[in-house]
Amino acid sequence: MATQFSASVSMQTTSLAMTRISFQKPALISNHGRTLSFNLRRSIPTRRLSVSCAAKPETIEKVSEIVKKQLSLSKDQKVVAGTKFAELGADSLDTVEIVMGLEEEFNIQMAEEKAQKIATVEQAAELIEELMKEKN
């Protein structure tokens, strides 16, 4: 008899006040050439689920504005903490220009190895706050 399990987790927002987290385990049981497959499901409603960013909202906003400016994006273009520069069409040269704009705006110097790891607005904001904290 062979039994096989794997799992997946999904989240669904049902309203502003409630989020539902679902667990699903596909199961396969074999016994003497007979196979039975089914899904085990468990759904858990949760009222408290938050995703947060270590950087301050005002830093995120300022970084977002600089990214929009450097990439010549329209004012109504949505750029949030999780936005990846590549999703906005930025190549490596654009990313260098974004970093230079951030350094100028926040009056900081980013080490090249740290600057190369920046791929999102959130990562840039977190690095800026870290460097500003070291500076003070």
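The residue numbers shown here count from 1 along each chain, following its written sequence. Under the rules for a predicted model, residues below a pLDDT of 70 receive no local features and side-chain atom pairs below 80 are neither given nor counted, while totals for whole chains, interfaces and linings still include all residues. Hydrogens and water molecules were not included; the side-chain quantities draw on all heavy atoms of the structure.

**Re the overall build of the protein**
Think of it this way: any DSSP run of H or I at least four residues long counts as a helix, any run of E at least two long counts as a strand, and we number them from the N terminus. Counting its secondary structure elements, the protein contains 4 helices and 4 strands. Going from the N terminus to the C terminus, the protein shows its helices and strands as β-β-β-β-α-α-α-α. Three labels apply to residues, based on accessible area from a 1.4 Å probe with only protein chains included: buried if under 20% of the type maximum, exposed if over 50%, partly exposed otherwise in between. Across the 136 residues in the protein, those meeting the buried criterion constitute 29%. When contacts within the protein are restricted to residue pairs at least 6 apart in sequence, those whose partners lie at least 24 apart make up 46%. When the accessible surface of the protein is split by element, carbon and sulfur atoms take 51% of a total near 10,000 Å². Any two residues whose heavy atoms approach within 4.5 Å at even a single point are treated as in contact. For every accessible area listed, the method is Shrake-Rupley and the probe measures 1.4 Å; residues are considered covered only by the protein chains on display.

**Here's the deal with the nonpolar core**
Nonpolar cores were defined as sets of buried Ala, Val, Leu, Ile, Met, Phe, Trp, Tyr and Cys residues, with membership established by side-chain atoms within 4.5 Å. Ranked by internal contacts, the top residues of the largest apolar core, which has 25 residues, are Val-63, Val-67, Phe-85, Leu-102 and Met-110. At 6 residues, helix α4 (residues 121-135) tops the list of elements feeding residues into this core. In contact with Phe-85, not counting residues within four places along its chain, are Val-67, Ala-90, Thr-95, Ile-98, Ile-118, Ala-119, Thr-120, Val-121 and Ala-124.

**Observations regarding a nonpolar patch on the surface**
Residues Leu-93, Val-96 and Met-100 make up a contiguous nonpolar surface patch of roughly 300 Å² in combined accessible area. Note that Leu-93 resides in helix α2 (residues 92-106). A relative accessible area of 53% means that Leu-93 is categorised as exposed. Candidates for patches are residues over 30% relative accessible area with no salt bridge; among them, like charges are joined within 9 Å and nonpolar side chains (Val, Leu, Ile, Met, Phe, Trp, Tyr) within 5 Å. Throughout this description, the term salt bridge denotes a Lys or Arg side-chain nitrogen within 4 Å of a carboxyl oxygen of Asp or Glu.

**Focus on the packing of aromatic side chains**
Pairing of aromatic side chains here covers Phe, Tyr and the six-membered ring of Trp, requires ring centres within 6.5 Å, and sorts the geometry by plane angle: under 30 degrees stacked, over 60 edge-to-face, intermediate tilted. A complete count under the given rule lists 0 aromatic pairs for this structure. Look at NZ for Lys and CZ for Arg. If either is within 6 Å of the ring centre and within 35 degrees of the ring normal, a charge sits over the ring. The ring of Phe-106 carries the charged tip of Lys-62 above its face, separated from the ring centre by 5.1 Å.

**Section: α2**
Here α2 is 15 residues long and its end C-alpha atoms lie 21 Å apart, about the 21 Å a rise of 1.5 Å per residue gives. In this structure, the buried side of α2 is in contact with α1 (57-70), α3 (112-115) and α4. You can read the cap of α2 off the contacts: a side-chain oxygen lies 3.1 Å from the backbone nitrogen of Leu-93, and it is on Asp-91. A positive backbone phi angle near 55° is found at Asn-107, which sits one or two residues after α2. A helix's residues, less one, multiplied by 1.5 Å, set its expected span. By the criterion applied in these results, polar contacts are pairs of N or O atoms within 3.5 Å in which, for protein atoms, one can donate a hydrogen and the other can accept it, and in which residues neighboring in sequence qualify only through two side-chain atoms.

**Focus on the side chain of Glu-103**
Mapped onto the fold, Glu-103 is located in helix α2. Among residues more than four places away in sequence, those in contact with Glu-103 are Ile-108, Gln-109 and Met-110.

**So, α4**
Helix length check: α4 (15 residues) gives 21 Å between terminal C-alpha atoms against 21 Å at 1.5 Å per residue, within 8%. Here α4 has its buried residues at Val-121, Ala-124, Ala-125, Leu-127, Ile-128, Glu-129 and Leu-131.

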